[in-house]
Amino acid sequence: MKRILIVGSTGQIGSELSCKLRSIYGTDNVVCGHFAPPYPEGFFDAGPTVKIDATDINQVAEAVKTYKIDTIYNLAAILSATAELHPQLGWTVGIGSLLNCLNVAKEYGCAVFTPSSIGAFGSDTPRVKTPQDTLQRPTTIYGITKVTGELLSDYYFHRWGVDTRSVRYPGLISNMTLPGGGTTDYAVEIYYKAVKGEKFTCPIKAGTLMDMMYMPDALDAAIQLMEADPARLKHRNSFNVTAMSFDPEMLKAAIQRHYPDFKMEYDIDPVKQAIADSWPDSMDDSCAREEWDWNPKYDLDTMTKDMINVLQLKLQ
Ligand code: NAD
Ligand code: SER
């Protein structure tokens with residue numbers, strides 16, 4: 001059985017990935033690294049936890065040694081919009097945590113999963129059906145950390161045999177933990193407003209297409225890739241994965257099929273809009289489909305139905 005450490009386990013992905021990994025590998029085999037509040041409800045009672053500042057290699061190494069870890073899911077990062085406001089912090093956390101996880105993994109023989117992002121592409125990248133292997137010249141500090149992370153992860157695999165694997169996640173939509181300061185956060189916030197019967201003010205312009213995915217598919221992607229037969233992997237860091245591509249108007253229309261009176265207005269955030277304008281409209285994820293059978297279950301309409309059902313219960 002795997003022994004897993006999740007670094008940055010209390011965020012949008014980690015709060016759900018921890019439950020899913022514990023249901024597969026057993027509660028005591030999944031240790032949740034935490035750094036700062038807020039904590040998901042019941043966090044400290046749900047299984048083993050350990051405080052880790054991932055920018056301190058000693059804290060990462062101590063947790064790996066103590067809990068006899070063989071697999072690290074490294075989720076510590078500062079997301080795109082916040083990183084653009086605090087570039088040094090974005091670099092220190094994104095690259096500091098990755099390098100520490102890689103060096104500890106090399107020493108103790110761990111596999112490492114670290115998400116990359118649609119942010120790893122820039123305005124010079126082909127925007128439509130963005131290929132797996134293409135030009136990557138991002139103009140955001142977040143994107144620069146993601147491309148650097150992909151290269152470092154491949155380097156540790158080729159040079160030292162560290163089993164590094166990752167995906168380029170699109171914007172993730174979920175209902176347990178709010179997103180942590182990204183450009184695609186609007187696509188989560190809009191559902192909370194709709195279910196509360198409130199008007200939504202959208203920070204991203206109509207017509208801005210971005211790849212998106214519902215959290216259950218995002219969790220499956222991470223776990224399926226980490227379980228994939230290494231002999232089939234021609235790529236490692238990182239695989240394009242996507243489930244849908246939409247702009248704010250398409251999302252509004254999907255919500256209005258449930259709430260016909262739902263209203264949206266625009267107040268464009270220039271930082272987020274500039275980031276969104278530099279990202280793909282849609283990615284080609286055929287390599288993930290070929291090399292480890294990636295096959296998302298949710299599209300815009302099935303995700304919208306589920307989001308609304310869950311939020312109606314949560315917000316009542
Ligand atoms: P999040 O902001 O919700 O969570 C980040 C976590 O990192 C938090 O638990 C935070 O406490 C922790 N953290 C911050 N500084 C730390 C430090 N010094 N040491 C240890 N932990 C620290 O982010 P998320 O949405 O869960 O994203 C996780 C990963 O997935 C990141 O690499 C992110 O870039 C990537 N990703 C996310 C999305 C998305 O839409 N959520 C899309 C693409 C890629
Ligand atoms: N959802 C993330 C962000 O907007 C994409 O990496 O930062």
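Parameters and conventions
- Residues numbered from 1 in each chain as written.
- Chains lettered and ligands numbered in written order.
- Predicted model: local features only at pLDDT ≥ 70, side-chain atom pairs only at ≥ 80, totals over all residues.
- Heavy atoms only, no water.
- Near = heavy atom within 4 Å.
- Polar contact = N/O pair within 3.5 Å; in protein donor to acceptor, adjacent residues only side chain to side chain.
- Areas by Shrake-Rupley, 256 points an atom, 1.4 Å probe, with all protein chains shown as cover.
- 1 Å grid on protein atoms, 1.4 Å probe; cavity = no way out; pocket = protein on both sides within 12 Å on 5 of 7 lines; lining within 4 Å.
- Sits in = over half its atoms within 2 Å of the grid points.
- Helix = DSSP H or I, 4+ residues; strand = E, 2+ residues; numbered from the N terminus.
- Nonpolar A, V, L, I, M, F, W, Y, C, P; charged D, E, K, R; others polar.
- Expected span 1.5 Å × (residues − 1).
- Buried < 20%, exposed > 50% of the residue type's maximum accessible area, 1.4 Å probe, protein only.
- Arc of directions from axis to C-beta.
- Contact = heavy atoms within 4.5 Å.
- Lys, Arg positive; Asp, Glu negative; His and termini not counted.
- Salt bridge = Lys/Arg side-chain N within 4 Å of Asp/Glu carboxyl O.
- Pairing = 2+ DSSP bridges.
- Axes fitted to C-alpha atoms, helices over the stretch in contact; angles between N-to-C directions.

**Q** Mind showing me how you'd approach the site of ligand 1 here?
**A** Residues in contact with ligand 1 amount to 25 residues; listed here are only the nearest, Thr10, Gln12, Ala54, Tyr142 and Lys146. The contact in question runs from an oxygen atom of ligand 1 to an N or O atom on the backbone of glycine 11, over 3.2 Å. Lysine 146 is positioned such that a nitrogen or oxygen atom in its side chain is 2.8 Å from an oxygen atom of ligand 1. Relative to its unbound accessible surface of 840 Å², ligand 1 loses 91% to contact with the protein. A molecule is said to occupy a pocket when more than half its atoms come within 2 Å of that pocket's grid points, and by this definition ligand 1 occupies the largest pocket. Put simply, the parts of the chain that give the shell around ligand 1 at least two residues each are strand 6 (116–117), helix 5 (141–160) and strand 9 (171–173). Considering only residue class, the shell around ligand 1 consists of 14 nonpolar, nine polar and two charged.

**Q** Would you mind going over unusual backbone geometry with me for this structure?
**A** Peptide bonds are trans in most cases, and residues, glycine excluded, mostly fall at negative phi. A cis amide bond links proline 37 to the next residue, proline 38, at an omega of 0 degrees. On the secondary structure map, proline 38 appears in the loop between strand 2 (30–34) and strand 3 (49–51). Put simply, asparagine 237 and serine 238 share a cis peptide bond, and its omega is 5 degrees. With respect to the helices and strands, serine 238 occurs in the loop between helix 7 (215–227) and strand 12 (239–240). With phi around 55 degrees, lysine 129 is a residue other than glycine that occupies positive phi space. Here lysine 129 lies in the loop between strand 6 and helix 5.

**Q** It is not clear to me how helix 11 (residues 300–314) should be interpreted in this structure. Could you clarify?
**A** What sets the pattern is the α-helix's 3.6 residues per turn: residues three or four places apart point alike. The end-to-end C-alpha separation of helix 11 is 21 Å, in line with the 21 Å expected for 15 residues at 1.5 Å each. Three or more residues of helix 11 are buried, namely Leu300, Met303, Thr304, Met307, Ile308 and Leu311. Seen end-on, helix 11 carries its buried residues on one side only, within an arc spanning 130 degrees. Those residues of helix 11 hidden inside the fold are in contact with strand 9, helix 6 (186–196), strand 11 (210–214), strand 13 (244–246) and helix 8 (248–256).

**Q** Just to check I follow, could you spell out the side chain of lysine 146 for this structure?
**A** Secondary-structure assignment places lysine 146 in helix 5. Despite its burial, lysine 146 remains without a salt bridge, the nearest opposite charge being carried by glutamate 150 at 8.5 Å. The residues contacting lysine 146, other than those within four sequence positions of it, are Ala77, Pro115, Ser116, Ser117 and Ala120.

**Q** So what exactly am I meant to see when it comes to the sheet that holds strand 3 here?
**A** Taking strand neighbours across the sheet as the criterion, the six strands line up as 3-2-1-4-5-7 in an open arrangement whose pairing is parallel. Edge positions in the sheet fall to strand 3 and strand 7 (164–165), since each has one partner strand and no second. Most of the contacts of helix 1 (residues 14–25) go to strand 2, to which it runs at about 160 degrees, and overall it touches strand 1 (4–7), strand 2 and strand 4 (71–74).

**Q** Please clarify how the sheet that holds strand 13 should be interpreted in this entry.
**A** Within a sheet, adjacent strands bond to each other through the backbone by hydrogen bonds, running parallel or antiparallel. Strand order in this open sheet of three strands is 9-11-13, and the pairing throughout is mixed. Among the strands making up the open sheet, the edge pair consists of strand 9 and strand 13. Neighbour-to-neighbour, the strand axes of this sheet turn through a mean angle of 45 degrees, independent of strand direction.

**Q** For this particular structure, what's the right way to read the pattern of salt bridges?
**A** One side chain can pair with another of opposite charge once the charged atoms of both are near each other. Considering all chains together, one arrives at 13 salt bridges under this definition. Put simply, glutamate 150 and arginine 168 hold a salt bridge, and the shortest N to O gap is 2.8 Å. You can see glutamate 150 sitting in helix 5 and its partner arginine 168 sitting in strand 8 (residues 167–169), a full 18 residues away along the chain. As far as the burial class goes, glutamate 150 and arginine 168 line up, both buried. The salt bridge involving arginine 236 is made with aspartate 163; its shortest N-O contact spans 2.7 Å. On the criterion of sequence distance, the pair formed by arginine 236 in the loop between helix 7 and strand 12 and aspartate 163 in the loop between helix 5 and strand 7 is long-range, its members being 73 residues apart. Among the residues examined, aspartate 163 registers a relative accessible area of 23% and is labelled partly exposed.

**Q** Please explain the site of ligand 2 as it appears in this structure.
**A** Taken together, Leu79, Ser80, Ser117, Tyr142, Gly171, Gly182, Thr183, Thr184 and Trp279 form the complete shell of residues around ligand 2. One nitrogen or oxygen atom from the side chain of tyrosine 142 is found 2.7 Å from an oxygen atom belonging to ligand 2. Protein chains shield 92% of the accessible area of ligand 2, which is 230 Å² for the free molecule. Assessed atom by atom at 2 Å from the grid points, ligand 2 resides in the largest pocket. Its residues assigned to classes, the shell around ligand 2 comprises three nonpolar, six polar and no charged.

Keep in mind these numbers describe shape, not what the thing actually does.
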